[in-house]
Amino acid sequence: MTRKRCEEDEHMIAEVRKATTKSTHIYICDCRPALNAQANKAKGKGYEVPEFYENIELSFGNIANIHEIRASSTRLRELVTAPNIEETKWLSNLEATKWLHHVQTVLQEAVKVASIIHNKKSSVVVHCSDGWDRTSQITSLSMLLLDPYYRTLQGFEVLIEKEWISMGHQFQARCCHGTQDITTDYSPIFMQFLDCVWQVMQHSPYVFQFNKYLLTFVAQHLYSCLYGTFLSNNDKERRQSEIRSKTQSIWSHVNSHTTEFLNPLFREKCGVLLPSISMRNIRLWRTTGWHSIPSTGTRTRYLSGSWSWFTCEIKSSRIAMSCRSQSSNPPRRLFPWSITQSRKPRGSLKILLYISSKVLF
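Everything numeric here is computed off the predicted structure, so don't read it as measured data. (Residues numbered from 1 in each chain as written. Predicted model: local features only at pLDDT ≥ 70, side-chain atom pairs only at ≥ 80, totals over all residues. Heavy atoms only, no water.)

(A) Structural context of the overall build of the protein chain. Secondary structure summary: the protein chain contains 13 helices and nine strands in total. Within the protein chain, buried positions represent 46% of all 361 residues. The contacts in the protein chain between residues at least 6 apart in sequence include a share of 73% that link residues at least 24 apart. As displayed, the protein chain offers around 19,200 Å² of accessible surface, 50% of which is attributable to carbon and sulfur atoms. (Helix = DSSP H or I, 4+ residues; strand = E, 2+ residues; numbered from the N terminus. Buried < 20%, exposed > 50% of the residue type's maximum accessible area, 1.4 Å probe, protein only. Contact = heavy atoms within 4.5 Å. Areas by Shrake-Rupley, 256 points an atom, 1.4 Å probe, with all protein chains shown as cover.)

This is how it looks when you write it as structure tokens:
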């Protein structure tokens, strides 16, 4: 159980070595802590034994699992949404959440992978226990650091589609879309990735074509279910549910309102980024919108159905909504949504809503 060989893995590493023209050395990045990797051997999720491979170097990234990230995000949410907190205890309470520590750990591993590829001209194999959480974080951040294309508006959209959506990050499970309770699968892994991108933007604000509002916009609609981009767990489920034909992509809105998301300070000529990931440079991303992120103490109620047309009557600062759904008992409820425009609209408005979105009480 401790030293099993896998011919398929050994063959894959050998083929990767053949494709690497400038180096015969292969680096394997296991994102897990070494202790966790040892424990996962019993589940068949072990790690490579260097003696069975030629010219490899194995390292562990010490990135926390989804359970630790969930606990950390819950503590952070409670801290930033607390009505009253002593000023003298703010920094100590923030440190106790360990959120910034987890962000730093992910960034350090991404910078290490990017540095190996850029400076040593070697290939790096990245994996964790499953391959759709920590692996997506490291590969996407490494590409962001290495290739200026992924720091453009279009490139960032491609990066998320390629390394997160197509690679099977379980958005429905990790964001608890369409479930009544916060499950053990919930964990804001993608939010942590966006936080890491924000940290890099703080370090190098001139090398990104898009601005920080894009990150905030994506973070908000990760949980709103207004767009179909982050619905379901994988492409198979999206095809079965016909998500792409029944919903609008978040990138359709972004690409039709590009002026809102462009960085006026952008400079095109910039190559590889290898920022210093010191804790003194890691800051709290305050515009994340932690109020919209589920917590273990949130009570939720869900409306049945899937996609339905609503007719909204604008009344003062509230929107009275009557559902025109095919269900036998269409829900009717008054939603206390604030209207932020200086001139409040009058009359009715017809909109399409995804009914499995959470209604918080």
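(B) Here's a closer look at the pairing of strand β3 (residues 123–127). Of all the five residues making up β3, four are buried; the element is thus mostly covered by neighbouring parts of the structure. Strand direction decides the pairing type here: strand β1 (residues 26–30) and β3, joined by five bridges, are parallel. Opposite C29, over in β3, you have V126 as the bridge partner. (Pairing = 2+ DSSP bridges.)

(C) Up close: the packing of helix α3 (residues 66–80) against helix α4 (residues 90–97). One can describe the packing of α3 onto α4 by two numbers: an axis separation of 8 Å at closest approach and a directional angle of 155 degrees. With respect to each other, α3 and α4 are oriented roughly antiparallel. Mapping the contact onto sequence places S72, R75, L76, L79 and V80 in α3 and W90, N93, L94, A96 and T97 in α4. Its residues assigned to classes, the contact of α3 with α4 shows six nonpolar, three polar and one charged. (Axes fitted to C-alpha atoms, helices over the stretch in contact; angles between N-to-C directions. Parallel < 35°, antiparallel > 145°, perpendicular 65-115°, else oblique. Nonpolar A, V, L, I, M, F, W, Y, C, P; charged D, E, K, R; others polar.)

(D) Geometry of the pattern of salt bridges. The full count for this structure, using the stated rule, is 10 salt bridges. Linking K246 and E242 is a salt bridge whose minimum nitrogen-to-oxygen distance equals 3.8 Å. A relative accessible area of 43% means that E242 is categorised as partly exposed. Overlapping salt bridges, with partners in common, bring together D235, R238 and R244 in one network. (Salt bridge = Lys/Arg side-chain N within 4 Å of Asp/Glu carboxyl O.)

(E) Quick peek at the environment of L231. Inspection of the secondary structure assignment puts L231 in the loop between α10 (212–224) and α11 (235–241). We classify L231 as buried; its relative accessible area is 2%.

(F) Summary view of the side chain of T247. By the secondary structure assignment, T247 is in the loop between α12 (243–246) and α13 (250–256). With a relative accessible area of 13%, T247 lands in the buried category. A polar contact of 2.5 Å, which involves the side chain of T247, links it to the backbone oxygen of I243. (Polar contact = N/O pair within 3.5 Å; in protein donor to acceptor, adjacent residues only side chain to side chain.)

(G) Focus on unusual backbone geometry. One non-glycine residue, C225, adopts positive backbone phi at about 60 degrees. Position of C225 among the secondary structure elements: in the loop between α10 and α11. In this structure, S232 takes a positive phi of about 70 degrees despite not being glycine. Tracing the sequence through the fold places S232 in the loop between α10 and α11.

(H) Main features of α10. In a regular helix each residue adds 1.5 Å, so 13 residues correspond to 18 Å; α10 covers 19 Å between its end C-alpha atoms and thus fits that length. Check the buried side of α10 and you find it contacts α7 (153–165), α8 (171–175), α9 (189–203) and α13. One side-chain oxygen at the N-terminal end of α10 lies 3.2 Å from the backbone nitrogen of Y213; it belongs to N211. Among the residues trailing α10, C225 stands out with phi positive, at a value near 60 degrees. (Expected span 1.5 Å × (residues − 1).)

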